[in-house]
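Topology and contacts: notes
Spelled out, the chains give:
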Amino acid sequence: VVKGWTDVWSSWITRFGIDGLRIDTFRNVNPEFWRAVIPAVLKVAAQQGKTDFPIFGEVADSNPQILSEYVLTHQTPSVLDFGFQKNVSSFVRFGTSGNGLAEFFNSDDLYTTATTSAYGLATFLGNHDMGRIGMQISKAVPQGDSVALLDRAKLANAALFLLRGGPVLYYGDEKGMIGSGGDKLARQDMFATQVDDWKTEPRIGQAPIGDASSFDVPNPLEFQIQRLQQLIKANPALRNGTQQTLSTDNGLLVVSRYLDGQEYVVAFNGSDEAQDVKVSVGTPNSDWESISGETQKVFTDGSQLSFSLQARKYVVLKSSKRYQPTSQVKLSPLSVQSADFSSTLFEISVKPDQPQYLTVTFSYQIDNKPWKTIGSSDRTTVQTPQTDGGKYRVFLDSSGFQRNTTFKFVAVARDAGGNVAASPILTWKMR
(Lines give C-alpha, C1' and ligand atoms only; values in the text may rest on other atoms or scores of the structure.)
Protein backbone atom coordinates (compact mmCIF):
# COMPACT_ATOMS: atom_id res chain seq x y z
CA VAL A 1 0.00 0.00 0.00
CA VAL A 2 2.82 2.40 0.87
CA LYS A 3 4.58 1.71 -2.42
CA GLY A 4 1.33 1.88 -4.37
CA TRP A 5 0.31 5.32 -3.06
CA THR A 6 3.84 6.64 -3.37
CA ASP A 7 3.83 5.59 -7.02
CA VAL A 8 0.36 7.06 -7.67
CA TRP A 9 1.09 10.48 -6.18
CA SER A 10 4.59 10.57 -7.67
CA SER A 11 3.14 9.87 -11.12
CA TRP A 12 0.74 12.80 -10.70
CA ILE A 13 3.83 14.97 -10.28
CA THR A 14 5.97 13.47 -13.04
CA ARG A 15 3.17 13.02 -15.61
CA PHE A 16 0.84 15.92 -14.93
CA GLY A 17 2.95 18.48 -13.03
CA ILE A 18 0.65 18.97 -10.04
CA ASP A 19 1.86 21.61 -7.58
CA GLY A 20 0.70 20.27 -4.20
CA LEU A 21 -1.62 17.93 -2.32
CA ARG A 22 -4.60 18.44 -0.03
CA ILE A 23 -5.14 15.12 1.72
CA ASP A 24 -8.71 14.46 2.88
CA THR A 25 -9.60 12.70 6.18
CA PHE A 26 -5.94 12.70 7.14
CA ARG A 27 -6.47 11.62 10.75
CA ASN A 28 -8.06 8.30 9.70
CA VAL A 29 -4.79 6.83 8.41
CA ASN A 30 -2.05 5.50 10.68
CA PRO A 31 0.94 7.82 11.23
CA GLU A 32 3.51 5.30 9.97
CA PHE A 33 1.94 5.46 6.51
CA TRP A 34 2.35 9.24 6.27
CA ARG A 35 5.91 9.18 7.61
CA ALA A 36 6.83 6.79 4.80
CA VAL A 37 4.80 8.21 1.90
CA ILE A 38 5.03 11.99 2.28
CA PRO A 39 8.86 12.23 2.39
CA ALA A 40 9.05 9.97 -0.67
CA VAL A 41 6.57 12.15 -2.58
CA LEU A 42 8.39 15.33 -1.58
CA LYS A 43 11.65 13.79 -2.83
CA VAL A 44 10.08 13.13 -6.23
CA ALA A 45 8.71 16.69 -6.33
CA ALA A 46 12.18 18.09 -5.61
CA GLN A 47 13.66 15.94 -8.35
CA GLN A 48 11.15 17.55 -10.73
CA GLY A 49 12.30 21.01 -9.68
CA LYS A 50 9.35 21.61 -7.35
CA THR A 51 11.27 22.70 -4.26
CA ASP A 52 8.11 24.35 -2.90
CA PHE A 53 5.51 21.57 -2.96
CA PRO A 54 2.83 22.16 -0.29
CA ILE A 55 1.18 19.16 1.32
CA PHE A 56 -1.49 19.67 3.96
CA GLY A 57 -3.83 17.23 5.65
CA GLU A 58 -7.47 17.75 6.52
CA VAL A 59 -7.98 17.13 10.25
CA ALA A 60 -11.43 18.48 11.11
CA ASP A 61 -10.59 19.80 14.59
CA SER A 62 -10.27 23.45 15.65
CA ASN A 63 -8.06 22.79 18.69
CA PRO A 64 -4.43 23.80 17.90
CA GLN A 65 -3.21 21.39 20.57
CA ILE A 66 -4.66 18.51 18.54
CA LEU A 67 -3.91 19.88 15.07
CA SER A 68 -0.26 20.59 15.89
CA GLU A 69 0.37 16.96 16.88
CA TYR A 70 0.26 15.94 13.21
CA VAL A 71 3.04 18.42 12.47
CA LEU A 72 5.08 17.84 15.63
CA THR A 73 5.07 14.05 15.09
CA HIS A 74 6.34 14.50 11.51
CA GLN A 75 3.27 13.06 9.80
CA THR A 76 2.77 16.08 7.52
CA PRO A 77 4.40 19.45 6.88
CA SER A 78 1.06 21.23 7.33
CA VAL A 79 -2.65 20.88 8.08
CA LEU A 80 -5.78 22.80 7.20
CA ASP A 81 -6.09 25.37 10.00
CA PHE A 82 -9.57 24.72 11.39
CA GLY A 83 -8.62 26.83 14.42
CA PHE A 84 -8.15 29.81 12.11
CA GLN A 85 -11.52 29.10 10.49
CA LYS A 86 -13.30 29.01 13.84
CA ASN A 87 -11.71 32.09 15.40
CA VAL A 88 -11.31 34.38 12.40
CA SER A 89 -14.70 33.56 10.88
CA SER A 90 -16.30 34.45 14.21
CA PHE A 91 -14.42 37.74 14.18
CA VAL A 92 -15.41 38.71 10.63
CA ARG A 93 -19.05 37.80 11.31
CA PHE A 94 -19.59 39.35 14.73
CA GLY A 95 -16.52 41.40 15.59
CA THR A 96 -15.73 39.10 18.50
CA SER A 97 -12.07 39.27 19.43
CA GLY A 98 -10.54 39.74 22.86
CA ASN A 99 -8.85 36.95 24.73
CA GLY A 100 -9.93 34.12 22.42
CA LEU A 101 -8.32 35.55 19.31
CA ALA A 102 -5.16 36.61 21.14
CA GLU A 103 -4.77 33.18 22.70
CA PHE A 104 -5.40 31.50 19.36
CA PHE A 105 -2.43 33.27 17.79
CA ASN A 106 -0.36 32.54 20.93
CA SER A 107 -0.94 28.87 20.15
CA ASP A 108 0.99 29.25 16.89
CA ASP A 109 4.07 28.32 18.93
CA LEU A 110 2.81 24.75 19.01
CA TYR A 111 3.66 24.35 15.31
CA THR A 112 7.27 25.52 15.62
CA THR A 113 9.91 22.91 14.83
CA ALA A 114 13.26 23.07 13.06
CA THR A 115 11.46 22.87 9.70
CA THR A 116 7.85 23.98 10.30
CA SER A 117 5.86 26.88 11.72
CA ALA A 118 2.32 28.27 11.78
CA TYR A 119 3.20 30.36 8.72
CA GLY A 120 3.01 27.14 6.70
CA LEU A 121 -0.57 26.31 7.74
CA ALA A 122 -3.32 26.28 5.13
CA THR A 123 -5.87 28.86 6.26
CA PHE A 124 -9.50 28.97 5.12
CA LEU A 125 -12.91 30.35 6.14
CA GLY A 126 -15.35 27.98 4.44
CA ASN A 127 -15.45 24.84 2.32
CA HIS A 128 -17.60 22.17 0.71
CA ASP A 129 -18.41 20.50 4.05
CA MET A 130 -19.22 23.35 6.44
CA GLY A 131 -20.54 25.78 3.85
CA ARG A 132 -19.30 29.08 2.48
CA ILE A 133 -18.11 32.03 4.53
CA GLY A 134 -20.77 34.02 2.66
CA MET A 135 -23.48 31.83 4.16
CA GLN A 136 -21.99 32.20 7.62
CA ILE A 137 -21.88 35.99 7.24
CA SER A 138 -25.41 36.19 5.80
CA LYS A 139 -26.78 34.59 8.96
CA ALA A 140 -24.92 37.13 11.12
CA VAL A 141 -26.08 40.39 9.50
CA PRO A 142 -29.62 41.80 9.47
CA GLN A 143 -31.68 40.38 6.62
CA GLY A 144 -31.67 42.70 3.64
CA ASP A 145 -28.62 44.72 4.79
CA SER A 146 -26.63 44.32 1.59
CA VAL A 147 -24.06 46.95 2.64
CA ALA A 148 -23.11 45.13 5.85
CA LEU A 149 -23.07 41.82 3.97
CA LEU A 150 -20.59 43.13 1.39
CA ASP A 151 -18.51 44.91 4.04
CA ARG A 152 -18.11 41.73 6.08
CA ALA A 153 -17.35 39.63 3.01
CA LYS A 154 -14.56 42.05 2.12
CA LEU A 155 -13.37 41.97 5.74
CA ALA A 156 -13.27 38.17 5.52
CA ASN A 157 -11.19 38.24 2.33
CA ALA A 158 -8.77 40.73 3.87
CA ALA A 159 -8.33 38.60 6.99
CA LEU A 160 -7.78 35.44 4.93
CA PHE A 161 -5.17 37.01 2.65
CA LEU A 162 -3.38 39.38 5.06
CA LEU A 163 -3.01 37.20 8.17
CA ARG A 164 -0.38 34.50 8.56
CA GLY A 165 -0.59 31.22 6.67
CA GLY A 166 -1.30 30.18 3.10
CA PRO A 167 -4.87 31.20 2.14
CA VAL A 168 -7.21 28.63 0.60
CA LEU A 169 -10.07 30.41 -1.15
CA TYR A 170 -13.11 28.23 -1.82
CA TYR A 171 -14.14 28.50 -5.47
CA GLY A 172 -17.14 30.75 -6.06
CA ASP A 173 -16.57 32.89 -2.97
CA GLU A 174 -14.97 35.42 -5.31
CA LYS A 175 -18.28 35.48 -7.19
CA GLY A 176 -20.34 36.22 -4.08
CA MET A 177 -21.83 32.73 -3.80
CA ILE A 178 -23.68 32.15 -0.52
CA GLY A 179 -25.49 28.82 -0.69
CA SER A 180 -27.76 27.55 2.04
CA GLY A 181 -25.66 25.02 3.95
CA GLY A 182 -22.74 22.64 3.81
CA ASP A 183 -22.01 19.58 1.72
CA LYS A 184 -24.10 19.59 -1.50
CA LEU A 185 -25.64 22.98 -0.62
CA ALA A 186 -22.29 24.72 -1.14
CA ARG A 187 -21.24 23.19 -4.45
CA GLN A 188 -22.89 25.49 -6.98
CA ASP A 189 -22.05 25.48 -10.68
CA MET A 190 -19.74 28.19 -11.95
CA PHE A 191 -21.03 27.65 -15.50
CA ALA A 192 -24.65 28.33 -16.45
CA THR A 193 -26.60 26.00 -14.19
CA GLN A 194 -29.69 23.87 -14.69
CA VAL A 195 -30.41 23.78 -10.95
CA ASP A 196 -33.32 26.17 -10.36
CA ASP A 197 -32.44 26.82 -6.70
CA TRP A 198 -28.94 27.93 -7.65
CA LYS A 199 -30.33 30.31 -10.27
CA THR A 200 -32.30 32.24 -7.63
CA GLU A 201 -29.90 32.07 -4.65
CA PRO A 202 -28.90 35.51 -3.30
CA ARG A 203 -25.32 36.59 -3.99
CA ILE A 204 -23.05 39.05 -2.25
CA GLY A 205 -22.50 42.19 -4.30
CA GLN A 206 -24.77 41.25 -7.19
CA ALA A 207 -28.16 39.87 -8.19
CA PRO A 208 -28.88 36.12 -8.42
CA ILE A 209 -27.12 34.57 -11.40
CA GLY A 210 -30.20 33.35 -13.26
CA ASP A 211 -29.27 31.66 -16.54
CA ALA A 212 -25.89 33.39 -16.84
CA SER A 213 -22.44 31.88 -16.28
CA SER A 214 -20.51 33.05 -13.23
CA PHE A 215 -17.41 33.14 -15.41
CA ASP A 216 -18.99 35.97 -17.40
CA VAL A 217 -20.55 38.10 -14.62
CA PRO A 218 -18.09 40.27 -12.63
CA ASN A 219 -18.34 40.66 -8.85
CA PRO A 220 -16.79 43.29 -6.54
CA LEU A 221 -15.26 40.55 -4.37
CA GLU A 222 -13.15 39.16 -7.22
CA PHE A 223 -11.73 42.61 -7.91
CA GLN A 224 -10.93 43.05 -4.21
CA ILE A 225 -9.13 39.69 -4.14
CA GLN A 226 -7.14 40.62 -7.24
CA ARG A 227 -6.06 43.87 -5.58
CA LEU A 228 -5.09 42.01 -2.40
CA GLN A 229 -2.95 39.58 -4.41
CA GLN A 230 -1.26 42.47 -6.22
CA LEU A 231 -0.66 44.18 -2.88
CA ILE A 232 0.95 41.06 -1.41
CA LYS A 233 3.12 40.53 -4.49
CA ALA A 234 4.45 44.10 -4.13
CA ASN A 235 4.83 43.75 -0.33
CA PRO A 236 6.07 40.21 0.47
CA ALA A 237 5.99 40.80 4.23
CA LEU A 238 2.20 40.55 4.03
CA ARG A 239 2.59 36.87 3.15
CA ASN A 240 6.03 35.81 4.40
CA GLY A 241 6.73 38.26 7.21
CA THR A 242 6.57 37.99 10.98
CA GLN A 243 3.09 38.45 12.44
CA GLN A 244 2.95 40.08 15.88
CA THR A 245 -0.43 40.59 17.56
CA LEU A 246 -0.76 44.20 18.73
CA SER A 247 -4.40 44.49 19.87
CA THR A 248 -7.58 42.43 20.11
CA ASP A 249 -9.75 44.91 22.03
CA ASN A 250 -13.10 46.55 21.23
CA GLY A 251 -13.91 44.43 18.19
CA LEU A 252 -10.48 45.11 16.70
CA LEU A 253 -7.74 42.83 15.46
CA VAL A 254 -4.46 44.67 14.87
CA VAL A 255 -1.20 42.95 13.90
CA SER A 256 2.16 43.99 12.57
CA ARG A 257 3.83 42.25 9.64
CA TYR A 258 7.60 42.60 9.30
CA LEU A 259 10.26 41.43 6.85
CA ASP A 260 13.77 42.61 5.98
CA GLY A 261 13.56 45.99 7.69
CA GLN A 262 10.07 46.90 6.50
CA GLU A 263 7.21 47.11 9.00
CA TYR A 264 3.47 47.16 8.30
CA VAL A 265 0.41 47.47 10.52
CA VAL A 266 -2.73 45.61 9.44
CA ALA A 267 -5.93 46.46 11.31
CA PHE A 268 -9.43 45.01 11.08
CA ASN A 269 -12.53 46.54 12.68
CA GLY A 270 -15.10 43.80 13.13
CA SER A 271 -17.54 45.99 15.04
CA ASP A 272 -20.47 47.97 13.65
CA GLU A 273 -19.04 51.21 15.02
CA ALA A 274 -15.98 53.31 14.15
CA GLN A 275 -13.01 52.62 16.42
CA ASP A 276 -9.94 54.60 17.44
CA VAL A 277 -6.77 52.51 17.34
CA LYS A 278 -3.60 53.12 19.34
CA VAL A 279 -0.77 50.58 19.22
CA SER A 280 2.98 50.41 19.79
CA VAL A 281 5.12 49.86 16.71
CA GLY A 282 8.74 48.92 16.16
CA THR A 283 9.63 51.80 13.82
CA PRO A 284 9.42 55.03 15.87
CA ASN A 285 8.85 58.57 14.55
CA SER A 286 7.88 57.33 11.10
CA ASP A 287 5.20 58.41 8.68
CA TRP A 288 2.74 55.67 7.79
CA GLU A 289 1.12 55.37 4.37
CA SER A 290 -2.21 53.64 3.83
CA ILE A 291 -1.62 51.19 0.96
CA SER A 292 -4.94 49.32 1.18
CA GLY A 293 -8.29 49.81 2.86
CA GLU A 294 -9.66 52.88 4.56
CA THR A 295 -8.57 54.91 7.60
CA GLN A 296 -8.45 58.46 8.90
CA LYS A 297 -6.22 60.64 11.10
CA VAL A 298 -3.01 58.59 11.07
CA PHE A 299 -0.36 60.10 13.35
CA THR A 300 2.58 58.96 15.45
CA ASP A 301 4.03 59.93 18.80
CA GLY A 302 7.37 58.21 19.19
CA SER A 303 6.58 54.50 18.98
CA GLN A 304 2.81 55.03 19.34
CA LEU A 305 0.71 54.82 16.17
CA SER A 306 -2.85 56.17 16.24
CA PHE A 307 -5.60 56.17 13.64
CA SER A 308 -9.34 55.66 13.27
CA LEU A 309 -11.10 52.85 11.44
CA GLN A 310 -14.69 52.86 10.24
CA ALA A 311 -17.14 50.06 11.01
CA ARG A 312 -16.41 46.74 9.28
CA LYS A 313 -13.33 48.13 7.50
CA TYR A 314 -9.66 47.21 7.33
CA VAL A 315 -6.44 49.04 6.54
CA VAL A 316 -2.82 48.23 5.71
CA LEU A 317 -0.31 50.87 6.83
CA LYS A 318 3.32 50.89 5.65
CA SER A 319 6.15 52.62 7.49
CA SER A 320 8.11 55.16 5.46
CA LYS A 321 11.24 54.44 7.52
CA ARG A 322 13.25 51.26 7.63
CA TYR A 323 13.24 49.44 10.94
CA GLN A 324 16.51 49.51 12.86
CA PRO A 325 17.21 47.92 16.27
CA THR A 326 17.81 50.61 18.87
CA SER A 327 20.39 48.74 20.96
CA GLN A 328 21.84 45.32 21.65
CA VAL A 329 19.22 43.04 23.15
CA LYS A 330 19.81 40.87 26.22
CA LEU A 331 17.97 37.65 26.97
CA SER A 332 16.65 36.48 30.31
CA PRO A 333 17.60 33.07 31.72
CA LEU A 334 15.70 30.23 30.07
CA SER A 335 12.51 28.89 31.61
CA VAL A 336 11.36 25.26 31.19
CA GLN A 337 7.95 24.18 32.43
CA SER A 338 5.37 21.51 31.70
CA ALA A 339 2.57 22.56 29.39
CA ASP A 340 -0.72 22.66 31.30
CA PHE A 341 -2.59 21.00 28.43
CA SER A 342 -0.20 18.13 27.66
CA SER A 343 1.58 15.36 29.55
CA THR A 344 4.44 15.22 27.04
CA LEU A 345 5.11 18.83 26.00
CA PHE A 346 7.48 21.19 27.79
CA GLU A 347 7.45 24.94 27.14
CA ILE A 348 10.92 26.47 26.74
CA SER A 349 10.90 30.26 26.77
CA VAL A 350 13.00 33.38 27.14
CA LYS A 351 12.26 37.09 27.42
CA PRO A 352 14.22 39.97 25.85
CA ASP A 353 15.01 43.06 27.91
CA GLN A 354 13.36 45.30 25.26
CA PRO A 355 10.81 44.91 22.45
CA GLN A 356 12.46 44.24 19.10
CA TYR A 357 11.96 42.19 15.96
CA LEU A 358 14.08 39.14 16.76
CA THR A 359 14.50 35.59 15.58
CA VAL A 360 15.19 33.41 18.63
CA THR A 361 16.45 29.88 17.95
CA PHE A 362 16.19 27.27 20.71
CA SER A 363 18.55 24.27 20.81
CA TYR A 364 19.35 21.38 23.12
CA GLN A 365 22.27 19.05 23.80
CA ILE A 366 22.38 15.63 25.47
CA ASP A 367 25.58 13.99 26.76
CA ASN A 368 27.91 16.36 24.90
CA LYS A 369 26.52 15.19 21.56
CA PRO A 370 25.98 17.77 18.77
CA TRP A 371 23.44 20.48 19.52
CA LYS A 372 20.01 19.99 17.92
CA THR A 373 17.63 22.77 16.93
CA ILE A 374 14.13 22.67 18.41
CA GLY A 375 12.84 25.61 16.38
CA SER A 376 12.90 29.38 15.91
CA SER A 377 10.39 31.93 17.21
CA ASP A 378 10.02 35.35 15.59
CA ARG A 379 7.33 36.99 17.72
CA THR A 380 6.35 37.17 21.36
CA THR A 381 3.28 35.90 23.16
CA VAL A 382 0.49 38.31 24.07
CA GLN A 383 -0.73 38.57 27.67
CA THR A 384 -3.94 36.59 28.25
CA PRO A 385 -5.40 34.81 31.29
CA GLN A 386 -3.85 31.62 29.94
CA THR A 387 -0.43 32.87 28.79
CA ASP A 388 2.24 35.18 30.10
CA GLY A 389 3.07 37.88 27.54
CA GLY A 390 6.40 38.97 26.08
CA LYS A 391 7.91 35.49 25.67
CA TYR A 392 9.67 33.88 22.76
CA ARG A 393 9.01 30.17 23.13
CA VAL A 394 8.95 26.70 21.61
CA PHE A 395 7.62 23.36 22.81
CA LEU A 396 9.67 20.17 23.18
CA ASP A 397 7.93 16.82 22.85
CA SER A 398 9.40 14.58 25.56
CA SER A 399 7.77 11.36 24.36
CA GLY A 400 10.90 10.34 22.45
CA PHE A 401 13.24 10.69 25.46
CA GLN A 402 13.86 8.51 28.49
CA ARG A 403 12.90 9.77 31.93
CA ASN A 404 15.71 11.51 33.85
CA THR A 405 17.42 12.57 30.62
CA THR A 406 19.63 15.59 31.29
CA PHE A 407 19.36 18.38 28.72
CA LYS A 408 21.34 21.51 28.09
CA PHE A 409 19.25 24.30 26.54
CA VAL A 410 20.28 27.57 24.94
CA ALA A 411 18.44 30.36 23.11
CA VAL A 412 20.21 32.54 20.54
CA ALA A 413 18.61 35.77 19.33
CA ARG A 414 19.46 37.58 16.11
CA ASP A 415 18.19 41.11 15.49
CA ALA A 416 17.56 42.97 12.22
CA GLY A 417 21.12 44.29 12.20
CA GLY A 418 22.64 40.82 12.47
CA ASN A 419 23.63 41.25 16.13
CA VAL A 420 23.53 38.06 18.17
CA ALA A 421 22.77 37.51 21.84
CA ALA A 422 22.59 34.21 23.72
CA SER A 423 20.91 33.17 26.92
CA PRO A 424 22.91 31.43 29.64
CA ILE A 425 23.01 27.67 29.01
CA LEU A 426 20.48 25.89 31.22
CA THR A 427 21.05 22.33 32.49
CA TRP A 428 17.73 20.61 33.16
CA LYS A 429 16.69 17.04 34.02
CA MET A 430 13.42 15.71 32.68
CA ARG A 431 11.37 14.02 35.40
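Remember, it's a predicted structure, so these values are computed and weren't measured experimentally.

This next bit is on the packing of aromatic side chains. Tallied over the full model, the rule gives 19 aromatic pairs. Note on Tyr 323 and Tyr 357: the rings are 5.1 Å apart at their centroids and 80 degrees apart in plane angle, and the pair reads as edge-to-face. Taken together, the residues Tyr 323 in the loop between strand E13 (314–319) and strand E14 (335–338) and Tyr 357 in the loop between strand E15 (345–350) and strand E16 (358–365) connect sequence positions 34 residues apart. Looking at Tyr 323, the relative accessible area reads 5%, which means it is buried. Residue class for Tyr 357 comes out buried when judged on its relative accessible area of 10%. One cation-aromatic arrangement involves Arg 132 over Tyr 171; the distance from NZ or CZ to the ring centre is 4.8 Å.

Attention now moves to helix H3 (residues 64–72). By the burial criterion, the buried members of H3 are Pro 64, Leu 67, Ser 68, Tyr 70, Val 71 and Leu 72. Those residues of H3 hidden inside the fold are in contact with strand E3 (78–79), helix H4 (82–94), helix H5 (98–106) and E15. Where H3 begins, one side-chain oxygen reaches toward the backbone nitrogen of Gln 65, 2.9 Å away; that side chain belongs to Asn 63. Immediately downstream of H3, the backbone of His 74 shows phi near 65 degrees, a positive value.

So, about the sheet that holds strand E6 (residues 242–247). Read across the open sheet, the five strands follow the order E6-E7-E8-E13-E10; overall the sheet is antiparallel. One side of each edge strand has no neighbouring strand; the edge strands of this open sheet are E6 and strand E10 (288–293). For this sheet the average axis-to-axis angle between neighbouring strands, irrespective of direction, equals 25 degrees. Relative to E13, E10 runs antiparallel, the two being bridged by five bridges. Counted as the bridge partner of Glu 289 is Lys 318 from E13.

The three strands are arranged E1-E2-E3 in an open sheet whose pairing can be described as parallel. Here the strands that pair on one side only, and so sit at the sheet edges, are strand E1 (21–23) and E3. The sheet contact formed by E1 and strand E2 (residues 55–57) spans three bridges and is parallel. Its bridge partner being in E2, Ile 23 is matched across the sheet by Gly 57.

Let us look at the environment of Asn 157. Relative to the elements of secondary structure, Asn 157 occurs in helix H7 (residues 146–162). Judged by relative accessible area, Asn 157 falls into the buried class, the value being 7%. With 64 residues separating them along the chain, Asn 157 and Leu 221 place their C-alpha atoms 8.2 Å apart. The residues touching Asn 157, leaving out its near neighbours within four places in the chain, are Leu 169, Leu 221, Gln 224, Ile 225 and Leu 228.

Next up on the list: the environment of Pro 385. For Pro 385, the location among the structural elements is in the loop between strand E17 (372–377) and strand E18 (392–397). Judged by its relative accessible area of 73%, Pro 385 is exposed. With 286 residues separating them in the primary sequence, Pro 385 and Asn 99 have C-alpha atoms 7.7 Å apart.

Time to look at H4. Spanning 13 residues, H4 covers 18 Å between terminal C-alpha atoms, matching the ideal 18 Å at 1.5 Å per step. Within H4, 11 of the 13 residues are buried, leaving the element largely enclosed by the surrounding structure. Measuring from the backbone nitrogen of Gly 83 back to the side-chain oxygen at the start of H4 gives 3.2 Å, which picks out Asp 81 as the cap. One or two positions beyond H4, positive phi appears at Gly 95, with a value near 80 degrees.

A word on the environment of Phe 94. For Phe 94, the location among the structural elements is in helix H4. With relative accessibility at 45%, the residue Phe 94 sits in the partly exposed group. For Phe 94 and Ile 137, which are 43 residues apart along the polypeptide, the C-alpha to C-alpha distance reads 8.5 Å. When neighbours within four sequence positions are excluded, Phe 94 is seen to be in contact with Ala 140, Arg 152 and Gly 270.

This paragraph deals with unusual backbone geometry. Phi is positive for Asn 250, close to 55 degrees, though the residue is something other than glycine. Relative to the helices and strands, Asn 250 is located in the loop between E6 and strand E7 (252–259). At Arg 312, a position not held by glycine, the phi torsion is positive, near 60 degrees. One can find Arg 312 in the loop between strand E12 (304–309) and E13. Arg 312 sits in the buried class, given a relative accessible area of 15%.

Turning our eyes to something else, we now look at empty space enclosed by the protein. Over the atoms rolls a probe the size of a water molecule, and its path tells where empty space is left. This structure, assessed with the given rule, holds three cavities of 30 Å³ or more. Volume-wise, the largest cavity comes out at about 60 Å³. Ranked by the residues each element gives to the lining of the largest cavity, the list is headed by helix H6 (residues 133–138), at three residues. For the lining of the largest cavity, the residue count by class is six nonpolar, three polar and one charged. Empty space within the second largest cavity amounts to approximately 50 Å³. Forming the boundary of the second largest cavity are Leu 125, Gly 126, Ile 133, Ala 156, Asn 157, Leu 160, Val 168, Leu 169, Tyr 170 and Asp 173. Ranked by residues supplied to the lining of the second largest cavity, first place goes to H7 with three residues. The residue makeup of the lining of the second largest cavity, split by class, is seven nonpolar, two polar and one charged.

Analysis parameters
- Residues numbered from 1 in each chain as written.
- Predicted model: local features only at pLDDT ≥ 70, side-chain atom pairs only at ≥ 80, totals over all residues.
- Heavy atoms only, no water.
- Phe/Tyr/Trp six-rings, centres within 6.5 Å; stacked < 30°, edge-to-face > 60°.
- Helix = DSSP H or I, 4+ residues; strand = E, 2+ residues; numbered from the N terminus.
- Buried < 20%, exposed > 50% of the residue type's maximum accessible area, 1.4 Å probe, protein only.
- Lys NZ or Arg CZ within 6 Å of the ring centre and 35° of its normal.
- Contact = heavy atoms within 4.5 Å.
- Polar contact = N/O pair within 3.5 Å; in protein donor to acceptor, adjacent residues only side chain to side chain.
- Pairing = 2+ DSSP bridges.
- Axes fitted to C-alpha atoms, helices over the stretch in contact; angles between N-to-C directions.
- Expected span 1.5 Å × (residues − 1).
- 1 Å grid on protein atoms, 1.4 Å probe; cavity = no way out; pocket = protein on both sides within 12 Å on 5 of 7 lines; lining within 4 Å.
- Points joined across faces, edges and corners; volume = space filled by probe spheres on them.
- Nonpolar A, V, L, I, M, F, W, Y, C, P; charged D, E, K, R; others polar.

In short, geometric facts, not functional conclusions.
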